[in-house]
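The primary structure of each chain is shown beneath.
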Amino acid sequence: MALTYQSTRGQAPELDFYGVTMAGLAADGGLYLPKIWPQFSTSELAALAGVPYREAAARVLRPFVAPMLKDEVLSHLLQVAYASFVDPAITPLRQLDDRRWILELFHGPTLAFKDVALQFLGHLFEHFLSHNGQRLTVIGATSGDTGSAAIAALANRKNIDVFILYPHGRPSEIQRKQMTCVDAPNVHAMAIEGSFDDCQAIVKNLFNNASFRSQYNLAAVNSINWARILAQIVYYFFAAVKLGAPEKAVSFVVPTGNFGNVFAGYAAMKCGLPISKLAVASNRNDILTRFFASGTMQTEVVHATLSPSMDIQISSNFERLLFDLCQGNAGTVTTLTEELRKDGVFSISKHQLAMARQVFSAGTADDTETIKAIKDTYDNSGILLDPHTAVGLAVGGKLSRELPDPVVMLACAHPAKFPETIQRAIGITPELPAPVAALLRQPERLSLLPANVLTVQNFIAARVAS
Ligand SMILES: *Cc1c(COP(=O)(O)O)cnc(C)c1O
């Protein structure tokens, strides 16, 4: 029987896997979650040991996507999605010392873990569209990594137009060129004269415009889309069984921004994967660290750090965990998220906090600690970390007493994506992998636009292929 998905706010229709993939955000503003978590037995987990990534992915994803995707279709989508990864292991696990491993998630085309989910989502969209005969307009706001990964995944796909808004002058040169050097007629990189928040506000406004949304069949590629979280569940299984699961439980340290990656770890646990602890690692933007210490979520101003993809205050995917902490009471979730939006603060009970802390630990590392983690790891093991991964290592060190062995550190981006920070830490500029360096030598194509909804709306309407 098909798994159904429900909204965290309880007021949107329940949907199947096809429905949630196409919807992104639920119609009531909530996020979709499976109504029942598929369970993997001890013997099914044991049988995953030594299985190649794509085959493991097929076994983990099957109960979430059947019967919309037949087994042979799922296998084909995984085959083509990960053909763009340069490492044959897709997400290789490297040993750091006697208790810590690094799970490298950055071997995809844009050198960040977002490729693991978006390469799959791109092929999934195309598959669904080839069956329903529709066109899709993907619109997204980005501070850097999501936009480039979405463009790499969707360039030249049939029946899809992609519009990515980024704040003019803000992404790094590498991040910008990964968006603007892609020569594909369906890709539109839009430099907005404003901040990331302005970009996000424009995108939200377009999604809330019901007639525009349905006329152009808008779709979301940020991690509110369940299919993105789903694709990321796989590598938690993949790493844990390599390190002895199901007999042994494993801890993970996850550099966190929007709470998507770490929620995928939580989802793996809900499916029966033995995880001892999930450590939520933050930079100076420590709202989640404060939450897991006090039970109060309170926003502050956002600080710019060396790990920009984690410079976030409100983590949108946190709502998925909140739904569980409220034992599926969508009314309470709605009230609390509304309080956060209006007053910038909400609190959960002592009992709920205790529940959360059984699974999660949390910690913060500032820029100085980030630089030190890059340098120390390089000096001690020759492994070069990107600044986001380095936040994870620094926090993992602080929390080591709370994290039972073995510990897996998620490596979120390739160090060459952040050359200035690496230069500052160890005095060496890392080299970009050849295919990325070649792409960045191509001419740039972008449109500079004011931070105005109507201008953006007209720009999109004029360019969607009809
Ligand atoms: C997106 C991103 C993060 C944050 O991940 P979330 O799923 O939003 O928590 C961390 N590091 C890098 C390099 C990223 O691109």
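Structure's up top.
Let us look at the structure shown here.

Conventions and cut-offs
Residues numbered from 1 in each chain as written. Predicted model: local features only at pLDDT ≥ 70, side-chain atom pairs only at ≥ 80, totals over all residues. Heavy atoms only, no water. Pairing = 2+ DSSP bridges. Helix = DSSP H or I, 4+ residues; strand = E, 2+ residues; numbered from the N terminus. Contact = heavy atoms within 4.5 Å. Axes fitted to C-alpha atoms, helices over the stretch in contact; angles between N-to-C directions. Buried < 20%, exposed > 50% of the residue type's maximum accessible area, 1.4 Å probe, protein only. Right-handed = clockwise from strand over helix to strand, strands pointing away.

Topic: the sheet that holds strand 5 (residues 136–141)
The pairing of strands in a sheet comes from backbone hydrogen bonds and takes either a parallel or an antiparallel form.
Reasoning step 1: Taken in spatial order, the 5 strands line up as 8-5-6-7-15 in an open sheet, and their pairing is parallel. Sheet topology places strand 8 (218–219) and strand 15 (447–450) at the edges, where each strand pairs with a single neighbour.
Reasoning step 2: Inspection of the sheet shows strand 5 paired to strand 6 (residues 160–167) by 6 bridges, in the parallel sense. Its bridge partner being in strand 6, isoleucine 139 is matched across the sheet by phenylalanine 163.
Reasoning step 3: Running at roughly 150° to strand 5, helix 8 (residues 196–208) makes contact with strand 5, strand 6, strand 7 (187–193) and strand 8 of the sheet.

Focus on the pairing of strand 9 (residues 250–255)
Reasoning step 1: Among the 6 residues that make up strand 9, 6 are buried, leaving the element largely enclosed by the rest of the structure.
Reasoning step 2: Judged by which residues are buried, strand 9 turns out to be covered on both faces: Val250, Phe252 and Val254 on one side and Ser251, Val253 and Pro255 on the other are all buried.
Reasoning step 3: Relative to strand 10 (residues 275–282), strand 9 is paired through 6 bridges, and the arrangement is parallel. Looking at the pairing, proline 255 lines up with alanine 281 of strand 10.
Reasoning step 4: A crossover links strand 9 with its parallel partner strand 10, the connecting element being helix 11 (residues 260–270), and its sense is right-handed.

Quick word on unusual backbone geometry
Reasoning step 1: The peptide bond linking alanine 66 to proline 67 adopts the cis configuration, its omega dihedral lying at 0°.
Reasoning step 2: The topology assignment puts proline 67 in the loop between helix 3 (53–65) and helix 4 (71–81).
Reasoning step 3: Here the amide bond leading from aspartate 405 into proline 406 is cis, since omega sits at -20°, within 30 degrees of zero.
Reasoning step 4: By secondary structure assignment, the location of proline 406 is in the loop between helix 17 (387–398) and strand 14 (407–411).
Reasoning step 5: Unusually for a residue other than glycine, asparagine 159 sits at a positive phi of about 70°.
Reasoning step 6: By the secondary structure assignment, asparagine 159 is in the loop between helix 6 (145–154) and strand 6.
Reasoning step 7: For asparagine 159, a relative accessible area of 28% puts it in the partly exposed group.
Reasoning step 8: In this structure, glutamine 327 takes a positive phi of about 50° despite not being glycine.

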